[in-house]
Amino acid sequence: MNTQQAAQYLTPNYARFPITLVKGQGARLWDDAGKSYLDFVAGIAVNTLGHAHPALIKTITEQAVTMLHCSNLYFNPQQNELAKKLVELSGLGKTFFCNSGAEANEAAIKLARKFFFDKGERKYTIITALQSFHGRTMQTIAATGQDKVKEGFAPLPAGFTHVALNDLDALKAAIDDSTAAIMLEPLQGEGGVNLANVVYLEAVRALCDKHGILLIFDEIQTGIGRCGTMFAFEKAGVSPDIITLAKGLGGGVPIGAMLATNNVGKSFSAGSHGTTFGGNPMSCAVALTVLDVMEEEDLLNNVQARSAQLQTGLQKLVATYTIFEEVRGDGLLLGIKANIEVAPIINACLDNGLLVLAAGPQVLRFLPALNISEAEITEGLAILSKSIEGLNL
Ligand SMILES: *Cc1c(COP(=O)(O)O)cnc(C)c1O
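Residues numbered from 1 in each chain as written. Predicted model: local features only at pLDDT ≥ 70, side-chain atom pairs only at ≥ 80, totals over all residues. Heavy atoms only, no water.

(A) The pairing of strand S7 (residues 179–184), seen in detail. Judged by how many residues are buried, S7 sits mostly within the fold: six of six residues are covered. Sheet topology note: the strand S5 (residues 125–129)/S7 ladder contains four bridges and is parallel. Bridge assignment links Thr 125 to a residue of S7, and that residue is Thr 179. In the sheet, S7 pairs with strand S10 (residues 214–218) via four bridges, with the strands oriented parallel. (Buried < 20%, exposed > 50% of the residue type's maximum accessible area, 1.4 Å probe, protein only. Helix = DSSP H or I, 4+ residues; strand = E, 2+ residues; numbered from the N terminus. Pairing = 2+ DSSP bridges.)

Structure representation (structure tokens):
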């Protein structure tokens, strides 16, 4: 079936590239015509270990013959183990599992409101950043600080306000008696690869403590090693009350998680929240394997080394081409800001066998697997240069 025929049967909500991908191996993908692509997208920061990693194949195969699902009416060992591991890694206390990023943020928003309800306080407003991205459900589009995701979906759930990132005065001005939580991405992915300053995050934590407000970090894109530490918040040395995870956690198998401190997490009392698929043995076994392999293959160090290499290459492009303004981001969540629309560059890269993505109209974004090699980064940079040269910009 060609891509035009496929479009006949799908809702047109994705502006897809006209290729059909059929298989992957390591940092490479192949389309149905046999053409290969070097993958600097990793399924939007999902394929932490690249494609077809032997450890994931083994875990998925073993779990498939053991038990795929049993619901949350009962305990299962994989969910118990993964919760313990994530609590140990994050320093938080309680874990709730779901199936996607938006669901993890829904859980965080509901938990923040329930926490204050349980204390008998009428606090419900969540403050988030402009240019943020928190998902596509009704609550999470209301939370998102970009109008483009909201158009056509009114009335939106109430109780969200947005302020400019890194503007402490704006944040102070937005806080009132109804403020329950401040929710931030330590590094905005979809919104243009915008980093929250460490001093800002420290001041936000202090503000939260002063006013009795919860601090939520949406680490759905930044978490699980993407920024060179297990969680991006570690770099700021600021500990949140709630974090949300998804994308890279399952290495390609859908899973989301919300972690909270013991004090906050206990407000998800029996019957207050839930999901049928969340924490199923398959997705939890896979996530445990992702975390094990990250440790065995020392991937946090690889992220730091490959990040430095990729940034050096991107800086050269900034020095060479006036269309590029700056390199942004951290770890292997990097962007290069242009003063033109980047779509033609992305299309030229696709033609030349490199997958890259955008973060807004003028930022090219690079999210390779965390085990990408030095040679593959070199190769990707060469394809990128060649693609830009070919456009005569
Ligand atoms: C991708 C993303 C989400 C939404 O995750 P889904 O799995 O698509 O629902 C939320 N927040 C951030 C920061 C993301 O990058």
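Having seen the structure, we can now continue with the description.
(B) Region of interest: empty space enclosed by the protein. Tallied over the full model, the rule gives one cavity of 30 Å³ or more. Lining of the largest cavity is provided by His 69, Cys 70, Ser 71, Asn 72, Asn 76, Gln 79, Thr 276, Phe 277, Gly 278, Gly 279, Asn 280 and Pro 281. (1 Å grid on protein atoms, 1.4 Å probe; cavity = no way out; pocket = protein on both sides within 12 Å on 5 of 7 lines; lining within 4 Å. Points joined across faces, edges and corners; volume = space filled by probe spheres on them.)

(C) A look at the sheet that holds strand S12 (residues 256–260). Overall, mixed pairing links the seven strands, which are arranged S4-S12-S11-S10-S7-S5-S6 in an open sheet. Both outer strands of the open sheet, strand S4 (94–98) and strand S6 (160–163), are each paired with one neighbouring strand and no more. In this sheet, adjacent strand axes meet at a mean angle of 20 degrees when their direction is disregarded. (Axes fitted to C-alpha atoms, helices over the stretch in contact; angles between N-to-C directions.)

(D) Geometry of the pattern of salt bridges. Using the criterion set out here, one finds 13 salt bridges in the structure. For the salt bridge of Glu 379 with Arg 28, the shortest nitrogen-to-oxygen distance reads 3.0 Å. Separated by 351 residues along the polypeptide, Glu 379 in helix H14 (residues 374–390) and Arg 28 in strand S2 (residues 28–31) bring together distant segments of the chain. For Arg 28, a relative accessible area of 23% puts it in the partly exposed group. Of the charged contacts, one joins Asp 292 and Lys 85 as a salt bridge, the two residues approaching to 4.0 Å between their closest N and O atoms. Here Lys 85 lies in helix H4 (residues 77–90) and Asp 292 lies in helix H11 (residues 281–296), a separation of 207 residues in the sequence. Its relative accessible area of 35% is what places Asp 292 among the partly exposed residues. Because the salt bridges share partners, they merge into one network encompassing Lys 85, Asp 292 and Glu 295. (Salt bridge = Lys/Arg side-chain N within 4 Å of Asp/Glu carboxyl O.)

(E) Fine view of the pairing of S6. Taken together, the four bridges between S5 and S6 define a ladder with parallel strand orientation. Note on S6: the bridge partner recorded for Ala 129 is Val 163.

(F) Main features of the environment of Ser 269. In this fold, Ser 269 is placed in the loop between helix H10 (262–265) and H11. Considering only alpha carbons, one finds Ser 269 and Lys 35, 234 residues apart in sequence, at a separation of 52 Å.

(G) Summary view of the layout of surface pockets. Roughly 700 Å³ of internal volume is contained in the second largest pocket. The set of elements that each furnish at least two residues to the lining of the second largest pocket consists of H4 and S4. By residue number, the principal contributor to the lining of the second largest pocket is S4, which donates four residues. In the lining of the second largest pocket, the residues fall into nine nonpolar, 14 polar and two charged. (Nonpolar A, V, L, I, M, F, W, Y, C, P; charged D, E, K, R; others polar.)

(H) Here's a closer look at the sheet that holds strand S1 (residues 21–25). Taken together, four strands build an open sheet; the order of strands is S1-S2-S3-S15 and the sheet is mixed. Each edge of the open sheet is held by one strand with a lone partner, namely S1 and strand S15 (354–355). Relative to strand S3 (residues 36–39), S2 runs antiparallel, the two being bridged by three bridges. If you follow Trp 30 over to S3, its bridge partner there is Ser 36.

(I) The arrangement of the site of the ligand in detail. Taken together, Ser 100, Gly 101, Ala 102, Asn 105, Phe 133, His 134, Gly 135, Glu 185, Asp 218, Ile 220, Gln 221 and Lys 247 make up all the residues around the ligand. In this structure, a nitrogen atom belonging to the ligand sits 2.8 Å away from a side-chain N or O atom of Asp 218. Separating an oxygen atom of the ligand from a side-chain N or O atom of Lys 247 is a distance of 2.6 Å. Protein chains bury 82% of the 390 Å² of accessible surface belonging to the ligand in isolation. By residue number, the principal contributor to the shell around the ligand is helix H5 (residues 101–118), which donates three residues. Split into classes, the residues belonging to the shell around the ligand amount to three nonpolar, six polar and three charged. (Near = heavy atom within 4 Å. Polar contact = N/O pair within 3.5 Å; in protein donor to acceptor, adjacent residues only side chain to side chain. Areas by Shrake-Rupley, 256 points an atom, 1.4 Å probe, with all protein chains shown as cover.)

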